[in-house]
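Spelled out from the first residue to the last, the chains are:
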Number of protein chains: 4
Amino acid sequence: MQNCSLYLLKTILIFTELQINSMTEESDAKKLIAAATAARQHAYCRYSEFRVGAAVMTEDRTIIGGCNVENASFPVGICAERTAIVKAVSEGHKSIIACAVIGWSDVPQKVIPDTCLTPCGMCRQALKEFDKDMTIYCAAKDGSYETVTLAELLPRSFASKNLNV
Amino acid sequence: MQNCSLYLLKTILIFTELQINSMTEESDAKKLIAAATAARQHAYCRYSEFRVGAAVMTEDRTIIGGCNVENASFPVGICAERTAIVKAVSEGHKSIIACAVIGWSDVPQKVIPDTCLTPCGMCRQALKEFDKDMTIYCAAKDGSYETVTLAELLPRSFASKNLNV
Amino acid sequence: MQNCSLYLLKTILIFTELQINSMTEESDAKKLIAAATAARQHAYCRYSEFRVGAAVMTEDRTIIGGCNVENASFPVGICAERTAIVKAVSEGHKSIIACAVIGWSDVPQKVIPDTCLTPCGMCRQALKEFDKDMTIYCAAKDGSYETVTLAELLPRSFASKNLNV
Amino acid sequence: MQNCSLYLLKTILIFTELQINSMTEESDAKKLIAAATAARQHAYCRYSEFRVGAAVMTEDRTIIGGCNVENASFPVGICAERTAIVKAVSEGHKSIIACAVIGWSDVPQKVIPDTCLTPCGMCRQALKEFDKDMTIYCAAKDGSYETVTLAELLPRSFASKNLNV
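Parameters at a glance
- Residues numbered from 1 in each chain as written.
- Chains lettered and ligands numbered in written order.
- Predicted model: local features only at pLDDT ≥ 70, side-chain atom pairs only at ≥ 80, totals over all residues.
- Helix = DSSP H or I, 4+ residues; strand = E, 2+ residues; numbered from the N terminus.
- Buried ≥ 20, exposed ≤ 12 C-beta atoms within 10 Å, placed from the backbone.
- Contact = placed C-beta atoms within 7 Å.
- Nonpolar A, V, L, I, M, F, W, Y, C, P; charged D, E, K, R; others polar.
- Axes fitted to C-alpha atoms, helices over the stretch in contact; angles between N-to-C directions.
- Parallel < 35°, antiparallel > 145°, perpendicular 65-115°, else oblique.
- Pairing = 2+ DSSP bridges.
- Least-squares fit on C-alpha atoms with pLDDT ≥ 70 in both.

Peer 1: Would you mind showing me how to read the overall build of chain A here?
Peer 2: Scanning chain A for helices and strands turns up five helices and five strands. Considering only C-alpha atoms, chain A reaches an extent of 75 × 45 × 30 Å along its principal axes. Within chain A, buried positions represent 52% of all 165 residues. Sequence separation of 24 or more characterises 61% of the internal contacts of chain A that already satisfy a separation of 6 or more.

Written out as structure tokens, the structure is:
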């Protein structure tokens, strides 16, 4: 009888924890997407006209936003995710636990409203360097988003372990 | 009776095709890894001392090798896979069907013999632009290799479709 | 006689202005180098062990610091100057009037104390995009610095005008 | 009398050498610009529509061409000059003595016929790594070109000496 009660209690606790986790994650997603959307306004994207915002959450739950910053020499530009990463690192953070990205074109006829934006391969690699079981929220213009992990987006990653550094 | 024979014949044909495909793939892997290993010798890697070779196979089955070319300003360097890609494109190729990568450190104590090298995220993104159902052979120093697809290494990729270009 | 006095007054005014300009510039240099040195502490430079800090001054005289943020895949890293630039742009700034850069190795025997650090070509290109008659202060570990302009460091630059954008 | 003849002879020799040098340089420029123009045809530039060709001359006077190879994620693209550089290095060359660059938009109304194209800062940095008193021929669509040195285009450069490597 006692065992049964204990088991029931345990089940309730696990269920509650799962719910709390899920609520936290939903709340994180919303906060990060809001920060990414705010940062998006400052995007300097005169060459692609594709305006992107991103935000990272550091281990201590600080949220830092970034936008894409392009250059006449295209390879010199920096994507929104990497802007957010280097801002975080330059402010003393070393671990990132979540990242949101949102973006659509300034040109109305090029907007695809319900397509969730994912980080490019270069940004996945940049995120990997500071990865702490990172969750990525890929948002669309219409507010919808998909939740993935960095491990899913960059499987079998190349990292410092390969350099033995 | 006739049906049965036809079925048997069909099965044999499929089986043979699978075998041929598998042999071709094995042969492709070997050729590409050999080309990557040859290209590796020319790597200019004085900063990382991590010597990498790569080779791509274009749609018409031409094999083109490349190596990493580093720079004192690290972000200006170019990985082996991307050297191979831009060589191929600058010679008129537009579709890549396979790629091999192999690399290990010039510093003996940093060599990890049996670790298959995978492309970094930036190179996965570069390969994506010319992707034709691409197979990637990730090789280790000891000659072993793993076969993956670019779709597996860069799921939910960001690509030209996102820009509506 | 009056003319002569006027002339004298004018000369004094010009001289004073020049002195003030020179003092402002000296003061700017010191503030920017201090900000660059502070940002340098957060550099993530485990691969090069070359720790760099930079700071930019925007048109409204806001000072924003940055550091280098490296990656296991070297080309994915971002230099200190570009970290400072993207931070500034992501906070709404669009014109940069001055930049300081300072850096030396974490490895004592690799330090060259009195060598002024200059931005790499990639960072010069990145600075160009937001150039407002930019002055660059290239600092050495020992506190000395050289003053140059971006126009001197990147003559005949490639820029948006070439793309007709 | 004898002295005078010797002096005259010497003057003639110097003059001839200068003429030969000048003719060689002119001939080099033409060959390199032709190679750059040929390579330009293969440019993959669907995002900028700015089609660029480049060619480098190695120490043993081999000429190798390259074109720009862009990517949906703009920073992942590679400029024409760097394509030529990595091709050269991957074929065993380590010193570059000259480089030509030519380019204009695929969009007729964006073409600026008589503007000589110069390498971007990132390419200047990439060229620096293999610099052997490099001459750069900056060509315009109309066939005219300007001759500069890499030392002029990237003064006070950041290079391996700064890393003490």
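Peer 1: Help me understand the interface of chain C and chain D in this model?
Peer 2: By a frequent convention, interface size equals the accessible area lost on bringing the separate parts together. Tallying the contact residues gives 26 residues for chain C and 26 residues for chain D. Looking at the side of chain C that touches chain D, the elements that each hand over two or more residues are α3 (121–128), α4 (150–153) and α5 (160–163) of chain C. Here the side of chain C that touches chain D takes five residues from α3(C), the largest share from any one element. Of the residues that constitute the side of chain C that touches chain D, the class distribution is twelve nonpolar, nine polar and five charged.

Peer 1: What is the right way to read the packing of helix α2 (residues 80–90) of chain A against helix α2 (residues 80–90) of chain C from this model?
Peer 2: Axis angle and axis distance: for two packed helices, these are the angle between their axes and the distance between the axes, and together they describe the pair. The contact between α2(A) and α2(C) brings their axes to 9 Å, and the two run at 110°. In terms of their interaxial angle, α2(A) and α2(C) are classed as roughly perpendicular. Each of A:Thr83, A:Val86, A:Lys87 and A:Ser90 in α2(A) lies in contact with α2(C), whose residues at this interface are C:Thr83, C:Val86, C:Lys87 and C:Ser90. Among the residues making up the contact of α2(A) with α2(C), the classes are represented as two nonpolar, four polar and two charged.

Peer 1: Looking at this model, I keep getting lost on the interface of chain A and chain C. Mind explaining?
Peer 2: Of the residues lining the interface, 33 residues belong to chain A; the matching set on chain C comes to 33 residues. Among the elements of the structure, β2 (63–67), α2, α3 (121–128) and α5 (160–163) of chain A are those that each provide at least two residues to the side of chain A that touches chain C.

Peer 1: Is there a simple way to think about the pairing of strand β1 (residues 50–58) of chain C in this case?
Peer 2: As a general feature of sheets, a regular strand has side chains that alternate between the two faces. Residues and elements named next belong to chain C. Burial analysis of β1 places nine of its nine residues in the buried class, the great majority of the element. By the alternation rule, side chains of β1 split into Phe50, Val52, Ala54, Val56 and Thr58 and Arg51, Gly53, Ala55 and Met57, which are all buried. Where β1 lies against strand β3 (residues 96–105), nine bridges are found, and the strand directions are antiparallel. Residue pairing in the sheet places alanine 55 in a bridge with alanine 100 of β3.

Peer 1: Looking at this structure, how should I read the relation of the copies chain A and chain C?
Peer 2: The operation relating the pair of chain copies consists of a rotation about an axis and a translation along that axis. Expressed as a screw transformation, the operator carrying chain A onto chain C has a rotation angle of 180° and an axial translation of 0.0 Å, and the superposed copies differ by an RMSD of 0.2 Å. Taken together, these values place the two copies in the relation of a two-fold axis. Looking at the rotation axis and the C-alpha trace of chain A, the residue lying nearest is A:Lys87, at 3.1 Å.

Peer 1: What is the right way to look at the sheet that holds strand β3 (residues 96–105) of chain B in this model?
Peer 2: Hydrogen bonds between backbone atoms are what pair the strands of a sheet, whose relative direction is either parallel or antiparallel. All names here are of chain B. On the basis of which strands lie adjacent, the open sheet formed by five strands has the order β2-β1-β3-β4-β5 and mixed pairing. Among the strands making up the open sheet, the edge pair consists of β2 (63–67) and β5 (145–149). The average angle at which neighbouring strand axes cross in this sheet is 20°, direction not considered.

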